[in-house]
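Spelled out from the first residue to the last, the chains are:
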Amino acid sequence: MADQIIHALYLAAIVAEAMTAALAAGRREMDWIGVILLGCVTALGGGSARDVLLDHHPLSWVEHPSYLLLTGAAALATIPIARFMHSLRRLFLFLDAVGLVVFTVIGCGVAIGMNMPLIIVIASGMITGCVGGVLRDILCADVPLLFRSELYATVSVATGLLYIAGRHFGFNHGLSAVLAMSIGLALRLLALRFGWSMPKFVYHEDWH
Amino acid sequence: MADQIIHALYLAAIVAEAMTAALAAGRREMDWIGVILLGCVTALGGGSARDVLLDHHPLSWVEHPSYLLLTGAAALATIPIARFMHSLRRLFLFLDAVGLVVFTVIGCGVAIGMNMPLIIVIASGMITGCVGGVLRDILCADVPLLFRSELYATVSVATGLLYIAGRHFGFNHGLSAVLAMSIGLALRLLALRFGWSMPKFVYHEDWH
Amino acid sequence: MADQIIHALYLAAIVAEAMTAALAAGRREMDWIGVILLGCVTALGGGSARDVLLDHHPLSWVEHPSYLLLTGAAALATIPIARFMHSLRRLFLFLDAVGLVVFTVIGCGVAIGMNMPLIIVIASGMITGCVGGVLRDILCADVPLLFRSELYATVSVATGLLYIAGRHFGFNHGLSAVLAMSIGLALRLLALRFGWSMPKFVYHEDWH
């Protein structure tokens, strides 16, 4: 039951990630194929990076090729509806936040299933949650937003810690996941609403 | 027989890819080692990405280290002859197009050999054909050309589809490959000649 | 005994790499999480790339998660002490050079342990030594320094060749490693001191 909800949220989240990536492609004036590719890489890149680093094969889109079709189609569908998306801004920021916590919990679950130690479970959740956006920014030749934006990676770490804590204190997978995702989502939405961010490190002596 | 032709074309193509990558390195004023490395990564990066994502080991250059020597030497040899290459511009664009279709067919063949589903066979061909150039552009801190240029990825998808269709309709590997590569090559050369390209997606409301 | 020295140098080197990466993060005004992540990726990225390409699992930080804590903490600790680091400039350049040769020898050792051919042993050393810095530069949206700086990759290749030559001429692992690292280190320090660099390839006809 919890797994079915998580799966449904996962599908909604990869669609949302592909669509916001398509807008980033549009800002760079990419062609339609570029839009599709950037959508797929952004939506599925985090899980792929995790699986490659942990040697967890096959990758999700290799096992379920329909994910490639779904995210590619979502990116392509963004082109005609982009002009209306501005009014849906809040919805997409919400779905992006949902994606962050869902990806994180899924990534933690994969590492737990491989009997990884605690730190790797957290790292696996964070890689799953954050690397897709990093790849999008690299392919757009930007400094990754992750390194500067509102508690993005922090929310992922917090969600992973809460999920593990839930498991540790005897809650089952489903309850731990729902609790961790709810609190992580609330933290992210509050950070967006109030502009919370981690302190920045500013350093400008150039001697390297 | 077809495999020998494909192998010979593969060698010509990785040499051509390494040489055009060396010119890109020269535009960025890289040193000789940078030229060699960029040549190797561009020529062999697509197949490596495919193999890492599909868990298909050893990688081609790990199994055949001479590919590293060949592409590194080709990149280095580009330095003294760069001034004459302008007159060979058409030859290099031709070899680059050959590389695209050859890499694609080889990538499809790897995925077929692993009994992958249709969509993954196409994706494998495209990754093999296109990722080398994407890595080159990332290492030069450019937005990848792939996302904006004349039907590059499109030709790769079309070649893959034609190859699979050939196999599906009972042609053997060699005939399917030759047909798919010929049509794909023609499409790419026509796109270069007439400046065909996919429509662009231009979007400049900045709200993300 | 030699292995213990190499291990101690390895730990010092990943700390130094994480700290210089933290300064690069500060130049880009990243937040604290970005500083930590860039530190971990720079310090551990070279070995991870090697392991993924050679299918050598588990990755070092997956097997020893404490490396993530160590490099993350070193990056974070850089923030308050950055203002004093300028006076330690020479120490950090020295530790960075130590890292280069230590990573190289470790990377060669991994490939030798997998019975790889000579060229792959050299490539494995170079990937281990150099890719961390390349990832740092990509994440900062810079053209990788590696491709333009003082004999960096060259020192890695030379160190690898010396190590292999030592083994080939019957020295044991420890002696070969110490000799190769000493000569490689000397070469790198001389290159820094006298501004030695590889010749550059400058090419500005734009026809691609």
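Remember, predicted model here, so these are calculated numbers, not experimental data.

Give a description of the overall build of chain A that names residues and reports values.
A count of helices and strands for chain A gives eight helices and zero strands. C-alpha extents for chain A along the principal axes are approximately 50 × 50 × 35 Å. Counting across all 208 residues of chain A, residues that qualify as buried make up 54%. Long-range contacts, defined here as pairs at least 24 residues apart, represent 71% of the contacts in chain A between residues at least 6 apart.

Please give an account of the relation of the copies chain A and chain C that cites residues and values.
Between chain A and chain C, the superposition needs a rotation of 120° and an axial shift of 0.0 Å, giving an RMSD of 0.0 Å. The symmetry that links the two subunits is that of a three-fold axis. Relative to the rotation axis, the closest C-alpha in chain A is found at Ala141(A), a distance of 3.5 Å. An overlap of only 10% is found between the interface residues of chain A and their copies at the interface of chain C, pointing to separate contact surfaces.

Explain helix H4 (residues 66-85) of chain C residue by residue, including any values.
An ideal rise of 1.5 Å per residue puts 28 Å on 20 residues; H4(C) reaches only 25 Å between its terminal C-alpha atoms. Maximal helix bending in H4(C) amounts to about 65°, located at Ile79(C); proline Pro80(C) follows within four positions. Turning to H4(C), its buried residues are Tyr67(C), Leu68(C), Leu70(C), Thr71(C), Gly72(C), Ala74(C), Ala75(C), Thr78(C) and Ile79(C). Tucked inside the fold, the buried residues of H4(C) contact helix H6 (118-139) of chain A together with helix H1 (2-27), helix H2 (32-54) and helix H3 (60-63) of chain C.

Quick rundown of the interface of chain B and chain A? Include the residues and the values.
In this complex, chain B contributes 29 residues to the contact, which on the side of chain A involves 32 residues. The leading source of residues in the side of chain B that touches chain A is helix H6 (residues 118-139) of chain B, at four residues. Residues of the side of chain B that touches chain A, tallied by class, amount to 20 nonpolar, four polar and five charged.

If you had to explain the confidence of the model for chain A to someone new, which residues and values would you point to?
Per-chain confidence: chain A averages 90 in pLDDT, with 98% of residues scoring 70 or above. Across the assembled chains, the prediction reports ipTM 0.91 with pTM 0.93.

Describe unusual backbone geometry, with residues and values.
The omega torsion across His57(B) and Pro58(B) is -5°, close enough to zero to call that bond cis. Within the secondary structure, Pro58(B) sits in the loop between helix H2 (32-54) and helix H3 (60-63). One non-glycine residue, Glu29(A), adopts positive backbone phi at about 55°. Tracing the sequence through the fold places Glu29(A) in the loop between helix H1 (2-27) and helix H2 (32-54). Judged by the 15 C-beta atoms lying within 10 Å of it, Glu29(A) falls in the partly exposed class.

Break down the relation of the copies chain B and chain A for me, citing the residues and quoting the values.
Superposition of chain B onto chain A requires a rotation of 120° combined with a translation of 0.0 Å along the rotation axis, giving an RMSD of 0.0 Å. The residues that chain B uses at the interface reappear at the interface of chain A in only 10% of cases, marking distinct surfaces.

Break down the interface of chain A and chain C for me, citing the residues and quoting the values.
As a measure of interface size, the accessible area lost when the parts come together is often cited. Contact with chain A, which involves 29 residues of that partner, is made by 32 residues of chain C. For the side of chain A that touches chain C, the secondary-structure elements that each account for two or more residues are H2, H6 and helix H7 (152-168) of chain A. Take the side of chain A that touches chain C: its biggest share by element is four residues, from H6(A).

So what's going on with helix H7 (residues 152-168) of chain B? Residues and values would help.
The end-to-end C-alpha distance of H7(B) is 25 Å, a good match for the 24 Å that 17 residues give at a rise of 1.5 Å each. Residues of H7(B) that are buried: Tyr152(B), Ala153(B), Thr154(B), Val155(B), Ser156(B), Val157(B), Thr159(B), Gly160(B), Leu162(B) and Tyr163(B). Close packing links the buried residues of H7(B) with H2 of chain A together with helix H5 (89-113), H6 and helix H8 (173-194) of chain B. Phi turns positive, to about 95°, at Gly170(B), one or two residues after H7(B).

How would you explain the nonpolar core if you had to name every residue and give the values?
Counting residues in hydrophobic clusters, the biggest one holds 229 residues, and the most contacted among them are Leu38(A), Leu38(B), Val102(B), Leu38(C) and Val102(C). Sequence-distant contacts of Val102(B), defined by excluding residues within four places in its chain, comprise Ile6(B), Leu9(B), Tyr10(B), Ala13(B) and Met181(B).

Can you break down the packing of H6(B) against H7(B) residue by residue, with the values?
To describe two helices that pack against each other, one gives the angle between their axes and the distance between the axes. All names here are of chain B. Put simply, H6 and H7 touch, their axes get as near as 9 Å, and they point 135° apart. Taken together, H6 and H7 sit at an angle that is classed as oblique. As for the relative orientation of H6 and H7, their crossing is right-handed in sense. Contacts between H6 and H7 involve Leu118, Val121, Ile122, Gly125, Met126, Gly129 and Cys130 from the former and Tyr152, Ala153, Ser156, Val157, Thr159, Gly160, Leu161 and Ile164 from the latter. Looking at side-chain class alone, the contact of H6 with H7 contains ten nonpolar, five polar and no charged residues.

Now, about the environment of Met85(C): what can you tell me, with residues and values included?
All names here are of chain C. Structurally, the position occupied by methionine 85 is in helix H4. Methionine 85 gets classed as partly exposed once you count the C-beta atoms within 10 Å, which come to 18. Sequence spacing of methionine 85 and methionine 19 is 66 residues, and the spatial spacing of their C-alpha atoms is 9.7 Å. Contacts of methionine 85, omitting those with residues within four sequence positions, involve Leu23 and Phe92.

How would you sum up the environment of Met1(C)? Please name residues and give values.
Residue and element names in this part refer to chain C. Here methionine 1 is to be found in the segment before H1. Under the C-beta neighbour-count criterion, methionine 1 is labelled exposed, with 6 such atoms within 10 Å. Remark: the alpha-carbon pair of methionine 1 and alanine 22, spanning 21 residues in sequence, is separated by 32 Å.

Rules used throughout
- Residues numbered from 1 in each chain as written.
- Chains lettered and ligands numbered in written order.
- Predicted model: local features only at pLDDT ≥ 70, side-chain atom pairs only at ≥ 80, totals over all residues.
- Helix = DSSP H or I, 4+ residues; strand = E, 2+ residues; numbered from the N terminus.
- Buried ≥ 20, exposed ≤ 12 C-beta atoms within 10 Å, placed from the backbone.
- Contact = placed C-beta atoms within 7 Å.
- Least-squares fit on C-alpha atoms with pLDDT ≥ 70 in both.
- Expected span 1.5 Å × (residues − 1).
- Bend = angle between axes of the 7 residues up to and from the residue.
- Nonpolar A, V, L, I, M, F, W, Y, C, P; charged D, E, K, R; others polar.
- pLDDT = per-residue confidence, 0-100.
- Core = buried A, V, L, I, M, F, W, Y, C linked by C-beta atoms within 7 Å.
- Axes fitted to C-alpha atoms, helices over the stretch in contact; angles between N-to-C directions.
- Parallel < 35°, antiparallel > 145°, perpendicular 65-115°, else oblique.
- Left-handed = near helix turned anticlockwise from the far one by under 90°.

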